[in-house]
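# Architecture and fold: a report
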Amino acid sequence: FLRDTVLKSLFPDYSPEDITTIKEGKPILREISACFSLSHSKGGVAFAVGGEFSSLPTFDNTFLWTIDEAPKEIGVDIESVSREINFGKIMKDIFSPSECNYVGKSKERFIEIFTKKESLCKLDGNGIRNLKKYDVFNMLDGFTVSTQQASSLTDTYYISVSYKK
């Protein structure tokens, strides 16, 4: 519903049939020069859309964050800080040594790095199957990852947006 609402407000002629998939099921808008990504976590939703627009829709209780570039591809992830997770057990399997050192024993730092990695995986169209592929401290040329924290009345979230220039 959210995807269709936002896309309809950006592209008045949009219909759900305009969505097709590429690379491992990554959705794109057919015949429209735009890319998008969607994520949700414990009541929080993040929707990233790339392209050149004259206006953006606004919704109640939303956090609007814009970037100055029009990316060719985009990925987004949102994670709740209150999410229950035993990150110590899985961190070494999906994080690089430099990422593990940064996280230490901090759950918030784990969530911050995890959202960056997942947004990068969504950017390349492989979902979260290959989280170890990216080291957020040694980014590939042409890739940008931006992360912010946003709070609602009931929770705090990390939101990461990754894009190719």
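Scroll up to find the structure this text is about.
Because the structure is a prediction, the values reported are computed rather than measured.

Looking now at the overall build of the protein chain. A count of helical and extended segments in the protein chain gives four helices and seven strands. Going from N to C terminus, the protein chain has its helices and strands arranged as α-β-β-β-β-β-α-α-α-β-β. A total of 165 residues make up the protein chain; the buried ones form 42% of that total. Partitioning the contacts of the protein chain with sequence separation of at least 6, the portion at a separation of at least 24 is 56%. If you sum the accessible surface of the protein chain, you get close to 9500 Å²; carbon and sulfur atoms cover 50% of it.

Quick look at the nonpolar core now. Of all hydrophobic cores here, the largest spans 19 residues; its most connected members are M91, F95, V103, F110, F114 and L120. Among the elements of the structure, α2 (87-94), α3 (97-103) and α4 (107-123) are those that each provide at least two residues to this core. The element best represented in this core is α4, accounting for seven residues. In this structure, F114 is in contact with D77, E79, R83, I94, F95 and L131, ignoring residues within four places of it in sequence. Core analysis: the second largest hydrophobic core is formed by eleven residues, I74, A150, Y157 and I159 among them.

Attention now moves to the packing of aromatic side chains. Taken as a whole, this structure holds five aromatic pairs when the rule is applied. Ring geometry for Y102 against F137: centres 5.4 Å apart, planes inclined by 65°, an arrangement best described as edge-to-face. Highlighted residues: Y102 in helix α3 and F137 in the loop between α4 and β6 (143-151), separated in sequence by 35 residues. Judged by its relative accessible area of 25%, Y102 falls in the partly exposed class. Relative to F143, the ring of Y134 lies with its centre 6.3 Å away and its plane at 50°, an arrangement referred to as tilted. One exposure class covers both Y134 and F143, and it is buried. Connected via pairs of aromatic rings, a cluster forms that spans F87, F95, F110 and F114. One Lys or Arg, R109, reaches over the ring of Y102 and ends 4.3 Å from the middle of that ring.

With respect to the element layout, S41 can be found in strand β3 (residues 35-41). Discounting residues that sit within four places of it in the chain, S41 has contacts with I78, E79, S80 and Y157.

Among the secondary structure elements, D155 is positioned in the loop between β6 and β7 (156-164). C-alpha of D155 to C-alpha of G43: the two residues are 112 residues apart in sequence and 8.6 Å apart in space. The contact partners of D155, leaving out residues within four places of it in the chain, are K42, S80, V81, S82 and A150. Looking at D155, its side chain comes within polar contact range of the side chain of S82, at 2.8 Å.

Restricting attention to buried positions, one finds in helix α1 (residues 2-10) the residues V6, L7 and L10. Down the axis of α1, the buried side of the element spans an arc of 95°, and every buried residue falls inside it.

For the rest of this paragraph, the subject is the side chain of T144. Position of T144 relative to the elements: it lies in strand β6. By relative accessible area, which is 17% here, T144 ends up buried. Setting aside chain neighbours within four positions, we find T144 in contact with V161, S162, Y163 and K165.

Bringing unusual backbone geometry into the picture now. The phi torsion at K42 lies on the positive side, around 40°, for a residue other than glycine. For K42, a relative accessible area of 54% puts it in the exposed group.

Calculation criteria
Residues numbered from 1 in each chain as written. Predicted model: local features only at pLDDT ≥ 70, side-chain atom pairs only at ≥ 80, totals over all residues. Heavy atoms only, no water. Helix = DSSP H or I, 4+ residues; strand = E, 2+ residues; numbered from the N terminus. Buried < 20%, exposed > 50% of the residue type's maximum accessible area, 1.4 Å probe, protein only. Contact = heavy atoms within 4.5 Å. Areas by Shrake-Rupley, 256 points an atom, 1.4 Å probe, with all protein chains shown as cover. Core = buried A, V, L, I, M, F, W, Y, C linked by side-chain atoms within 4.5 Å. Phe/Tyr/Trp six-rings, centres within 6.5 Å; stacked < 30°, edge-to-face > 60°. Lys NZ or Arg CZ within 6 Å of the ring centre and 35° of its normal. Polar contact = N/O pair within 3.5 Å; in protein donor to acceptor, adjacent residues only side chain to side chain. Arc of directions from axis to C-beta.

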